[in-house]
Amino acid sequence: MKKILLIEDSDDIRETTAEILELANYEVITAVNGKDGVEKAIQSRPDIVICDIMMPVLDGYGVLHIFNQNPDLQGIPFIFLTAKTERTDFRKGMEMGADDYLTKPFHEIELLNAIESRLKKVEQLLHGAGKVAHEHLEELYSEANKYRDLTDLSSDRKVSTLKKKQIVYSEGDEPIKFYFLKSGKIKTYKTNRDGKEFVTGLYNEGDFFGHIAIIENTDYQETAEALEDSQIIGIPRGDFMELLSKNQQVANKFIKLLANNIADKETYLLGMAYNSLRKRVADGLLLLQKKYKAEESTKFTMKISRDDLASIVGTATESLIRTLSEFKADKLIEISGSEITIIDEKKLANLRN
């Protein structure tokens, strides 16, 4: 759920606007003046700010100035909400870095559209950064490979073969290795109290996984399992940390890789929270295609169990099967046993929520 900070000194406007935003399924934090708003922004970093201009203690321009100067608050979308309509006031706010400007009185749909537009722009920027990071993945492995194949790293750098469904590591285990996927497919997932799986990551040939727990110095927060017969290479924790500390180029690329992971997960979780089942299943199939489609292939085909696909989509297996049957009837996909082939990617991508 996206978090909105609403800074408004008028009790009536603040309460009414907060109610509208909450009905639109946003988490709303309210502040009665600019100073209060800045303090609450620092305490709980919002995803977007809606701020009045004329306020006591600290006006809206002052709030935006503080946001621009504070590294922890920079980049948060900022929408001015004010009764002032003079063009000079509008230009001053935009020149200071405001993302949008709504005048009172405003229609509810104007406010909601402005918020949605700003949030979508942030997601697109994050997704673009993720693509840049992915482009460096092979280069990163090539650089790390120099260390792995030489005497700089331990002598146990061997290829391990995994069978389908075999566990690489489990949630709660102490991370002792960092992994490179030489061939095959790996998923990571978390399990709730009822034993239901929720997929948190999909990995393909050439991907690294298991590194976040090592960098954060925590136990593994998820379980890694082979989706099919796979080959992995494990790099011991100590060697990995030494590689990062001694090679700035490798360290910088891992920072980009982490940015890619965060961007993809934010987009994925946003869809899980707000999309219909049909839309989530379509997005899940397109996610698999994006991750696993061979460049030379004209169509994407993959063998995947219905349980695995259901955990990616975030639904019950029975509901997934019904939806896949609907897609097959609509000639969007073909099904042969556990094998699914996408035959109309465009219609899947444009499927309405």
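Definitions and cut-offs
- Residues numbered from 1 in each chain as written.
- Predicted model: local features only at pLDDT ≥ 70, side-chain atom pairs only at ≥ 80, totals over all residues.
- Heavy atoms only, no water.
- Core = buried A, V, L, I, M, F, W, Y, C linked by side-chain atoms within 4.5 Å.
- Buried < 20%, exposed > 50% of the residue type's maximum accessible area, 1.4 Å probe, protein only.
- Contact = heavy atoms within 4.5 Å.
- Helix = DSSP H or I, 4+ residues; strand = E, 2+ residues; numbered from the N terminus.
- Polar contact = N/O pair within 3.5 Å; in protein donor to acceptor, adjacent residues only side chain to side chain.
- UniProt positions renumbered as here; feature names shortened; annotations may be inferred.
- Pairing = 2+ DSSP bridges.
- Axes fitted to C-alpha atoms, helices over the stretch in contact; angles between N-to-C directions.
- Parallel < 35°, antiparallel > 145°, perpendicular 65-115°, else oblique.
- Left-handed = near helix turned anticlockwise from the far one by under 90°.
- Phe/Tyr/Trp six-rings, centres within 6.5 Å; stacked < 30°, edge-to-face > 60°.
- Salt bridge = Lys/Arg side-chain N within 4 Å of Asp/Glu carboxyl O.

Per an unreviewed UniProt entry, the recorded name for the protein is Response regulator, and the organism is Flectobacillus rivi.

1. Quick notes on the nonpolar core
Grouped together as the largest cluster of nonpolar side chains are 25 residues, with contacts concentrated most on Leu285, Leu288, Leu309, Leu324, Phe327, Ile333 and Leu348. Among all residues touching Phe327, those that are not within four sequence positions of it are Arg278, Val281, Ala282, Leu285, Leu332, Ile333, Leu348 and Leu351. Formed by 20 residues, the second largest nonpolar core is a distinct cluster that contains Val38, Ala41, Leu64 and Phe80.

2. Regarding the environment of Asn33
The residue Asn33 is located in the loop between strand E2 (27-31) and helix H2 (34-43) in this model. With residues up to four places along the chain from it excluded, the contact list for Asn33 reads Ile7, Met55, Pro56 and Val57. At a separation of 3.1 Å, a polar atom in the side chain of Asn33 contacts the main-chain amide nitrogen of Lys35. Among the polar contacts made by the side chain of Asn33, one reaches the main-chain amide nitrogen of Asp36 at a distance of 2.8 Å.

3. Structural notes on the UniProt feature "modified residue: 4-aspartylphosphate" (unreviewed entry) in the protein
In this structure's numbering, the residues bearing the UniProt feature "modified residue: 4-aspartylphosphate" (unreviewed entry) are Asp52. Tracing the sequence through the fold places Asp52 in strand E3 (residues 48-52). For Asp52, a relative accessible area of 3% puts it in the buried group. Beyond its immediate stretch of four places on either side in the chain, Asp52 contacts Ile7, Glu8, Asp9, Gly60, Leu81, Thr82 and Lys104.

4. Side note on the pairing of strand E16 (residues 339-342)
Here four bridges tie strand E14 (residues 300-303) to E16, and the two strands are oriented antiparallel to one another. Each residue of the ladder has a partner; that of Lys303, found in E16, is Glu339. As paired elements, strand E15 (residues 333-336) and E16 share four bridges and run antiparallel to each other. The partner of Glu334 across the bridge, within E16, is Thr341. Once E15 ends, the chain turns through two residues before running back antiparallel as E16, passing Gly337 with a positive phi of about 65 degrees.

5. Looking at the sheet that holds strand E5 (residues 100-103)
Adjacent strands of a sheet form backbone hydrogen bonds with each other and so pair up, either parallel or antiparallel. Pairing is parallel in the open sheet, where five strands are placed in the order E2-E1-E3-E4-E5. Edge positions in the open sheet fall to E2 and E5, since each of these has one partner strand only. Strand-to-strand, the axes of this sheet are offset by a mean angle of 20 degrees, without reference to chain direction. Of the strand pairs in this sheet, strand E4 (residues 78-82) and E5 are connected by four bridges, and their pairing is parallel. From the neighbouring strand, Thr82 faces E5, where its bridge partner is Thr103. Its contacts with the sheet put helix H3 (residues 60-69) on strand E1 (3-7), E3 and E4, and the angle it makes with E4 is roughly 175 degrees.

6. Topic: the packing of H2 against H3
With their axes 9 Å apart at the nearest point, H2 and H3 run at an angle of 25 degrees to one another. Of the possible angle classes, the one that applies to H2 and H3 is roughly parallel. Remark: the crossing between H2 and H3 carries right-handed chirality. Within the contact between the two elements, H2 uses Gly34, Val38 and Ala41 and H3 uses Val63, Ile66 and Phe67.

7. Here's the deal with the packing of aromatic side chains
Evaluated as defined, the whole model comprises ten aromatic pairs. Here the aromatic rings of Phe80 and Tyr101 are separated by 6.3 Å at their centres, their planes lie at 70 degrees, and the arrangement is edge-to-face. Residue Phe80 is found in strand E4, and its partner Tyr101 is found in strand E5; the two are separated by 21 residues along the sequence. The buried category is assigned to Phe80, whose relative accessible area is 0%. For Tyr101, a relative accessible area of 9% puts it in the buried group.

8. Points about the pattern of salt bridges
A complete count under the given rule lists 15 salt bridges for this structure. A salt bridge links Lys165 to Glu225; its shortest N-O distance comes to 3.9 Å. Residue Lys165 is located in the loop between strand E6 (159-162) and strand E7 (167-169), and its partner Glu225 is located in strand E12 (residues 223-226); the two are separated by 60 residues in the primary sequence. Between Arg278 and Asp330 there is a salt bridge, with its nearest N and O atoms 3.7 Å apart. Of this pair, Arg278 sits in helix H10 (residues 277-292) while Asp330 sits in the loop between helix H12 (317-329) and E15, and the two are 52 residues apart along the sequence.

9. Digging into the side chain of Ser230
By the secondary structure assignment, Ser230 is in strand E13 (residues 230-236). In terms of polar contacts, Ser230 uses its side chain to reach the backbone amide nitrogen of Lys185, at 3.2 Å. Apart from the residues within four sequence positions on either side, Ser230 is in contact with Ser160, Thr161, Leu162, Leu181, Ser183, Gly184, Lys185 and Ile186.

10. What to know about H2
Among the residues making up H2, those that are buried are Gly34, Asp36, Gly37, Val38 and Ala41. Where the residues of H2 are buried, they touch E1, E2 and H3.

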